[in-house]
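The residues making up each chain are set out below.
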Amino acid sequence: SAWRATRWETAAVAAGGVCYAVSFAPLDLGFPVVVALLPLAWVWRAARPLRAAWLGFIAGCAAFLPMLWWSSRFGLLAWIAWSAASAASWATAGAAVGWCRRLGLRGPWVIPTVWALVEMGRERWPFGGSPWGEVGTALHAFAPARSLAAVVGLSGLGFLVVAVDAWCVEAWVRRHRPSGRGWREWAARRGGVVVVVGMLALAAAAAATRPALGETGSLRVAMIQGNDKNRDLTVDEVDGRLLERTHLELAGTIRGPVDLVVFPESAFDVDPRTDRQLGSALRSLAVRLEAPLVVNAQVAVPGREEDDVLHNTNFFVRADGSVAPRSYAKVKVVPFGEYVPFRWLLQPIVPALDQIPRDFLRGDGRVQFDVQGHAIGTLICFEVGFPTIARNYAREGAELLVVTTNNRSFGRSPNARQQLAAGQMRAAESGRYLLQAGISGITAVIDERGRVLRQTELFERTVVEATVPTFRGRTTYVTLGDWLPLGSAAALCGAALWRLLRRRICRPGAVAVAR
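In short, a report on the structure. (Residues numbered from 1 in each chain as written. Predicted model: local features only at pLDDT ≥ 70, side-chain atom pairs only at ≥ 80, totals over all residues. Heavy atoms only, no water.)

Below, the discussion takes up the overall build of the protein chain. Looking only at helices and strands, one finds 16 helices and 12 strands in the protein chain. Radius of gyration (C-alpha) of the protein chain: 25 Å, near the 24 Å computed for a compact globule of 515 residues. Seen through its C-alpha atoms, the protein chain measures out along the principal axes to roughly 90 × 55 × 50 Å. Looking at the protein chain residue by residue over its 515 residues, the buried ones come to 54%. Taking the average location of the 58 positive side-chain charges in the protein chain and that of its 42 negative ones, the two points are 16 Å from each other. (Helix = DSSP H or I, 4+ residues; strand = E, 2+ residues; numbered from the N terminus. Rg over C-alpha atoms; globule rule 2.2 N^0.38 Å. Buried < 20%, exposed > 50% of the residue type's maximum accessible area, 1.4 Å probe, protein only. Lys, Arg positive; Asp, Glu negative; His and termini not counted. Charge placed at Lys NZ, Arg CZ, Asp CG, Glu CD.)

See the structure below:
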């Protein structure tokens, strides 16, 4: 049966999935991800589409169930559904590789191409995408990998890692065969070495050309981390606006001159434009420090107040205390976290969805704020996982990236560390400093090479102040995007089309015989 896999195949791909999981926090070993996909590359090389899909799903479940266990804080259904959906992307990749094999496309470049395309698709679909747990992010602690990301992007980095695995498998399969003289035989046997050497060359080129990014100045930034309670707030604490008070108290301790103050996501529950108490406090703070503020709040969607839907919004309070007319509303809202797809169908049968009483809507697009003549791009929480958002900010002239985030619902789980790893890759890809302000941590300063210069512990009340440089210019990834996997995909599609045309032309009866 196409669905049936031998025990050793199932065990091997499951072990590879576990190896993949330990490459991410909490263990965060990183490098095992380079070999974690070897079993899949081996079995996919000769498997039919259904069998390849099933083995891919098994490996994906073994990888994502332990990696995403922290999502079980929203219920077992959320954890299992998200893990299964992520594993389904691996099943899709397996089916696609098996289909390519049916067309006669069997080269070791097929697997990395399909893998990268599936990862890119997972960033976009379904429900806006979920980039959590991509191959390249596991390598956030390795400087050469971050340098490569500045050239080929996260998907390109994943392409290169899987390419090494695929070529290693091909070389092993051919090790006892007589050595041929054709270029295909040479590439199959030595392609892995070529890929590794190419990766190192690209990393060295990225490190050498990084000074081409022009430093435009510096900004003194203060970030507030005001929640030290690893639990749900009581009704009295919510009614007493505890988080608002603690963040404003911490902001009141700032004495030195600063150019920007950043409050984290969910520090305030009311609209600073309409709430007199909050508006007055923010105005007084901005005027006293003579510095603008980035303020996050959950506000009603303009024109849809009766529908009870919200925007997760970053506001910009100018140094004179006025609120800028343009604000940034989060464009990547979290399915089953900030809104419920098909609520009318699921709400009656899934009581846990009562924890999400109102839906957030996605914003209209990116907005940059001006701080001392420097353009600042802001992201909100989950969005730091999406390479395209940070890339587009850099293309549009942003000189610094700021992330406001709220991970307190996940306690001391690996969620915050996994998000920080994603922030490292966004900084490296875009060639910009990235500042992350977390309501309960992790608040961090990440430089333009993706190095974490400073970070806080979870659930401590503190203010992080840092002087950070601003940059203009574009990395190769910002300029060309996902050029490596897309170029390989174009070649794969061309080869597939040629195979289909040849079959159609060469099939019996396709050519008429002249009489």
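Back to the write-up after that little detour.
With that settled, consider the nonpolar core. Among the nonpolar cores identified, the biggest contains 102 residues, and Y20, L40, W44 and W90 are the most heavily contacted of them. A per-element tally of this core places helix α7 (residues 143–173) first, with 13 residues. With residues near it in sequence (within four places) discarded, L40 still touches V13, L55, G56, A59, W90 and W115. Counting residues in each nonpolar core, the second largest holds 20 residues, with L289, A291, V295 and V317 among its members. (Core = buried A, V, L, I, M, F, W, Y, C linked by side-chain atoms within 4.5 Å. Contact = heavy atoms within 4.5 Å.)

A separate point is the pattern of salt bridges. Applying the stated criterion across every chain yields a total of 19 salt bridges. As a salt-bridge pair, E429 and R426 come within 2.9 Å of each other at their nearest N and O atoms. Of this pair, E429 and R426 both sit in helix α14 (residues 415–430), separated by three residues, roughly a single helical turn. Taking the shortest distance from any N to any O, the salt bridge between E448 and R449 comes out at 4.0 Å. Overall, E448 belongs to the buried group, its relative accessible area being 11%. Exposure remark for R449: the relative accessible area of 28% places this residue in the partly exposed category. Connected through salt bridges with shared partners, the residues R241, E244 and D275 form a single ionic network. (Salt bridge = Lys/Arg side-chain N within 4 Å of Asp/Glu carboxyl O.)

What follows concerns the environment of E448. Counting through the fold element by element, E448 comes out in the loop between β10 (444–446) and β11 (452–455). C-alpha separation for the pair E448 and C168, spaced 280 residues apart in sequence, amounts to 33 Å.

Across the sheet, six strands lie side by side as β5-β4-β3-β2-β1-β12; this open sheet has mixed pairing. Of all strands in the sheet, those bounded by a partner on one side alone are β5 (328–329) and β12 (462–472). Along the sheet, helix α10 (residues 242–251) contacts β1 (214–225) and β12; its crossing angle with β1, the most-contacted strand, is approximately 130°. (Pairing = 2+ DSSP bridges. Axes fitted to C-alpha atoms, helices over the stretch in contact; angles between N-to-C directions.)

On to the pairing of strand β6 (residues 368–371), then. Only one face of β6 is buried, namely the one carrying F369 and V371, since none of Q368 and D370 on the opposite face is buried. Pairing of β6 with strand β7 (residues 374–380), which is carried by four bridges, proceeds in the antiparallel orientation. Counted as the bridge partner of V371 is H374 from β7. The hairpin formed by β6 and β7 contains two residues between the paired strands, and Q372 there has a positive phi angle of roughly 55°.

At a minimum axis separation of 7 Å, helix α4 (residues 49–67) and helix α5 (residues 76–102) run at an interaxial angle of 150°. By the angle class used here, α4 and α5 are roughly antiparallel. Relative to α5, the crossing made by α4 is right-handed. (Parallel < 35°, antiparallel > 145°, perpendicular 65-115°, else oblique. Left-handed = near helix turned anticlockwise from the far one by under 90°.)

Taken in spatial order, the six strands line up as β6-β7-β8-β9-β10-β11 in an open sheet, and their pairing is mixed. Strands at the two margins of the open sheet, each flanked by one partner only, are β6 and β11. Strand-to-strand twist in this sheet, taken as the mean axis angle between neighbours without regard to direction, amounts to 20°. Bridging between β7 and strand β8 (residues 400–405) involves five bridges; their strand directions are parallel. By the bridge assignment, L379 is partnered in β8 with V403. Across the sheet, helix α13 (residues 387–395) is in contact with β6, β7 and β8; its angle to β7 comes to roughly 170°.

Another aspect to go through is the pairing of strand β3 (residues 293–300). Burial of β3 is extensive: six of the eight residues sit out of reach of the surface. Here strand β2 (residues 260–262) runs beside β3; their pairing, made up of two bridges, is parallel. In the sheet register, V261 faces β3, and the bridge partner there is L293. Looking at chain direction, β3 and strand β4 (residues 310–317) are connected through eight bridges and run antiparallel. Of the residues in β4, the one forming a bridge with L293 is V317.

Glancing now at a nonpolar patch on the surface. A grouping of F127, F336, F342, W344 and L345 is seen on the molecular surface, where their side chains present a nonpolar patch of about 560 Å² in accessible area. Mapped onto the fold, F127 is located in the loop between α6 (110–122) and α7. Here F127 falls in the partly exposed class, since its relative accessible area comes to 35%. (Patch = residues over 30% accessible without salt bridge, like charges linked within 9 Å, V, L, I, M, F, W, Y side chains within 5 Å. Areas by Shrake-Rupley, 256 points an atom, 1.4 Å probe, with all protein chains shown as cover.)

Tallying each qualifying case throughout the model produces 19 aromatic pairs. Judged by centre distance (6.3 Å) and plane angle (45°), the rings of W44 and W115 are tilted. One end of the pair, W44, is in helix α3 (residues 38–44); the other, W115, is in helix α6, with 71 residues separating them in the sequence. Of the two residues, W44 and W115, neither departs from the other in class, the shared state being buried. One aromatic cluster is present, built from ring pairs that chain together Y20, F24, W44, F64, W90 and W115. (Phe/Tyr/Trp six-rings, centres within 6.5 Å; stacked < 30°, edge-to-face > 60°.)

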